[in-house]
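Residue strings, one per chain:
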Amino acid sequence: MRLTDCHNFHDFRTLARRRLPGPIFDYIDGAADDEVTYRRNTASFERCDLVPNVLRGVDEVDLSVTVMGQKLGLPVYCSPTALQRLFHHDGERAVAAAAAKFGTMFGVSSLGTASIEDVRRAYSTPQVFQFYFHKDRGLNRAMMQRAKDAGVDVMMLTVDSITGGNRERDLRTGFSIPFRLTLGGMLQFALKPRWALNYLMHERFALPQLQQHVDFGGSALSIGRYFTEMLDASMTWDDVAQMVREWNGPFCLKGVMSVDDAKRAVGIGCTGLVLSNHGGRQLDGSRAAFDQLAEVVDAVGDRIDVMMDGGVQRGTHVLKALSLGAKAVGVGRYYLFPLAAAGRAGVERALELMRLELVRDLRLMGCRSTAELSRANLRFR
Ligand SMILES: Cc1cc2nc3c(=O)[nH]c(=O)nc-3n(C[C@H](O)[C@H](O)[C@H](O)COP(=O)(O)O)c2cc1C
């Protein structure tokens, strides 16, 4: 199977599975507990039908949107994700390059493996820095200052990970940083020598946003332990309000779900919020963002830019979310599997397929731009 054989999310996932050692594939593909929310994220789009209009003169189609003051060439952005150089040696750089090609936004995680400065210097497309609020307030202040100095466009604070989700696939394989694999996990790596060779021949693995502040001390840190031991579970709205003031620019909360919280986000001056359950990786049984979208848009959509992520695999999923009132839609695994499958070329192909789907589907919907979508084109089963 080659990149040109990949025509959709599932093809990229299959190719990624062939290329990655099992524990790394499972880290991307897995979710919390019984993975119910993970499955529901995509399933929730299937409860909703599109009702097209016809004969509307759709020869020209405009996919651009403006969100949090950023003009994007696509209504889809690459949501921040951790550890990308484990998936492909070009990691965040490949994702940033592909996002820049399509004029869309991408995020670098606090757990990113390329520095926010490096990608900022290389690409001018809107860049998000995804922030985790650590117990060490000095670390929080330093990270924020660093993002400011680097010229990051949007600060995105993730608020659904105050403690680690229970990712049982990772427990089984022993996935952690640095690797402390179980015997079964080690065997999985032995089966993928090409990945291992690539990993060893390229720049050494690092977490540049954290390394000055965190002493991994040679001991393995699972992602669950990082959340639980290093992040500040005592964080409150007052802490975030202070961050918003200090940042003094576009500020977005990622992982809000309730109308109450959305109103609070407006109250403290946030510019955007992302309805998200972290791709089903945190609270299993939590609601799909798409199911929660209309309620939140109705409550605050005129005062803050509402976005969503989770389970998006198709252009039609994006159109449904935009019809309900989302300003843009984030994707995670949709670009991570292509990254693992083929680096920058993989992510570019995935975004190009998404662009083509969006153009085709908008035309079939009888719309010349995303702004022409509305709830009138939706029916729920
Ligand atoms: C492998 C992986 C790593 C992730 N790392 C982060 C992270 O560091 N910070 C964060 O806010 N969200 C992280 N997320 C969540 C994504 O930003 C996004 O919310 C989620 O992937 C959307 O669901 P989807 O994968 O179904 O598109 C991660 C998701 C995955 C799959």
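Bear in mind the structure is a predicted one, so any value in this text is a computation, not a measurement.

Draft legend 1. Layout of the overall build of the chain. When helices and strands are tallied, the chain shows 16 helices and 12 strands. Taken over C-alpha atoms, the radius of gyration comes to 20 Å for the chain, in line with the 21 Å a tight globule of 381 residues would show. With the principal axes as the frame, the chain shows a C-alpha extent of 60 × 50 × 40 Å. With 381 residues in all, the chain has 58% of them scored as buried.

Draft legend 2. Local environment of a nonpolar patch on the surface. A cluster of nonpolar side chains, Leu197, Leu200 and Met201, forms an exposed patch at the surface whose accessible area comes to about 390 Å². For Met201, the location among the structural elements is in helix H10 (residues 193-201).

Draft legend 3. How the structure looks around the site of the ligand. Close to the ligand lie 22 residues; Ser79, Pro80, Ser109, Thr158 and Gly311 are nearest. One nitrogen or oxygen atom from the side chain of Thr158 is found 2.7 Å from an oxygen atom belonging to the ligand. Backbone polar atom of Gly332 to an oxygen atom of the ligand: 2.9 Å apart, as the coordinates give it. Its free accessible area being 600 Å², the ligand has 98% of it covered by the protein chains. Put simply, the parts of the chain that give the shell around the ligand at least two residues each are helix H2 (22-29) and helix H16 (333-365). For the shell around the ligand, the per-class residue count stands at seven nonpolar, 11 polar and four charged.

Draft legend 4. Inspection of the pairing of strand E10 (residues 305-309) at higher detail. Judged by how many residues are buried, E10 sits mostly within the fold: five of five residues are covered. With burial as the criterion, each face of E10 is covered, one bearing Asp305, Met307 and Asp309 and the other bearing Val306 and Met308. In the sheet, strand E9 (residues 272-275) pairs with E10 via four bridges, with the strands oriented parallel. Of the residues in E10, the one forming a bridge with Val274 is Met307. You can see the chain leave E10, run along helix H15 (residues 315-324) and come back into strand E11 (residues 328-331), and the turn it takes is right-handed.

Draft legend 5. Region of the structure containing the packing of aromatic side chains. A complete count under the given rule lists nine aromatic pairs for this structure. With centroids separated by 5.6 Å and ring planes inclined at 70°, the aromatic side chains of Phe9 and Phe337 adopt a geometry described as edge-to-face. Of this pair, Phe9 sits in helix H1 (residues 9-19) while Phe337 sits in helix H16, placing them 328 residues apart in sequence. Accessibility expressed as a relative area gives 0% for Phe337, which makes it buried.

Draft legend 6. Main features of helix H7 (residues 137-150). The first and last C-alpha atoms of H7 sit 20 Å apart over 14 residues, in line with the 20 Å expected at 1.5 Å per residue. Every buried residue of H7 is accounted for by Leu139, Asn140, Met143, Met144, Ala147 and Ala150. Along the axis of H7, the buried residues cluster in a sector spanning 130°; they form a single face. Turned more than 90 degrees away from the buried face of H7 sit Arg141 and Asp149, all of them exposed. Buried residues belonging to H7 abut helix H6 (116-122), strand E6 (127-131), strand E7 (154-158) and helix H12 (237-247).

Draft legend 7. Here's a closer look at H12. Regarding H12, the residues found buried are Asp239, Val240, Ala241, Met243, Val244 and Trp247. Of the surrounding secondary structure, the elements contacted by the buried residues of H12 are E6, H7, E7 and strand E8 (251-256). Just downstream of H12 lies Asn248, where phi reads positive at about 55°.

Draft legend 8. Structural view of the pattern of salt bridges. By the definition in use, this model includes 23 salt bridges. Glu348 is the partner of Lys101 in a salt bridge, and the nearest nitrogen-oxygen pair spans 3.5 Å. In this pair, Lys101 is assigned in helix H5 (residues 91-101) and Glu348 in helix H16, connecting sequence segments 247 residues apart. Assessed through its relative accessible area of 55%, Lys101 is described here as exposed.

Draft legend 9. Structural detail: the environment of Ala350. Along the chain, the position of Ala350 falls in helix H16. For the pair Ala350 and Leu336, spaced 14 residues apart in sequence, the C-alpha to C-alpha distance is 9.7 Å. Residues in contact with Ala350, not counting those within four places in the same chain, are Phe12, Tyr334 and Pro338.

Draft legend 10. Representation of unusual backbone geometry within the structure. Even without a glycine there, the phi angle at Met68 is positive, about 50°. For Leu83, which is not a glycine, the phi torsion comes out positive at approximately 60°. Tracing the chain through its elements places Leu83 in the loop between strand E4 (76-78) and helix H4 (84-87).

Draft legend 11. Summary view of the side chain of Glu35. Among the secondary structure elements, Glu35 is positioned in the loop between H2 and helix H3 (36-43). The class of Glu35 is buried, set by a relative accessible area of 13%. Ignoring anything within four residues of it in the chain, the contact list for Glu35 reads Gly30, Arg169 and Asp284.

Here is what the cut-offs are and how they apply
Residues numbered from 1 in each chain as written. Predicted model: local features only at pLDDT ≥ 70, side-chain atom pairs only at ≥ 80, totals over all residues. Heavy atoms only, no water. Helix = DSSP H or I, 4+ residues; strand = E, 2+ residues; numbered from the N terminus. Rg over C-alpha atoms; globule rule 2.2 N^0.38 Å. Buried < 20%, exposed > 50% of the residue type's maximum accessible area, 1.4 Å probe, protein only. Patch = residues over 30% accessible without salt bridge, like charges linked within 9 Å, V, L, I, M, F, W, Y side chains within 5 Å. Areas by Shrake-Rupley, 256 points an atom, 1.4 Å probe, with all protein chains shown as cover. Salt bridge = Lys/Arg side-chain N within 4 Å of Asp/Glu carboxyl O. Near = heavy atom within 4 Å. Polar contact = N/O pair within 3.5 Å; in protein donor to acceptor, adjacent residues only side chain to side chain. Nonpolar A, V, L, I, M, F, W, Y, C, P; charged D, E, K, R; others polar. Pairing = 2+ DSSP bridges. Right-handed = clockwise from strand over helix to strand, strands pointing away. Phe/Tyr/Trp six-rings, centres within 6.5 Å; stacked < 30°, edge-to-face > 60°. Expected span 1.5 Å × (residues − 1). Arc of directions from axis to C-beta. Contact = heavy atoms within 4.5 Å.

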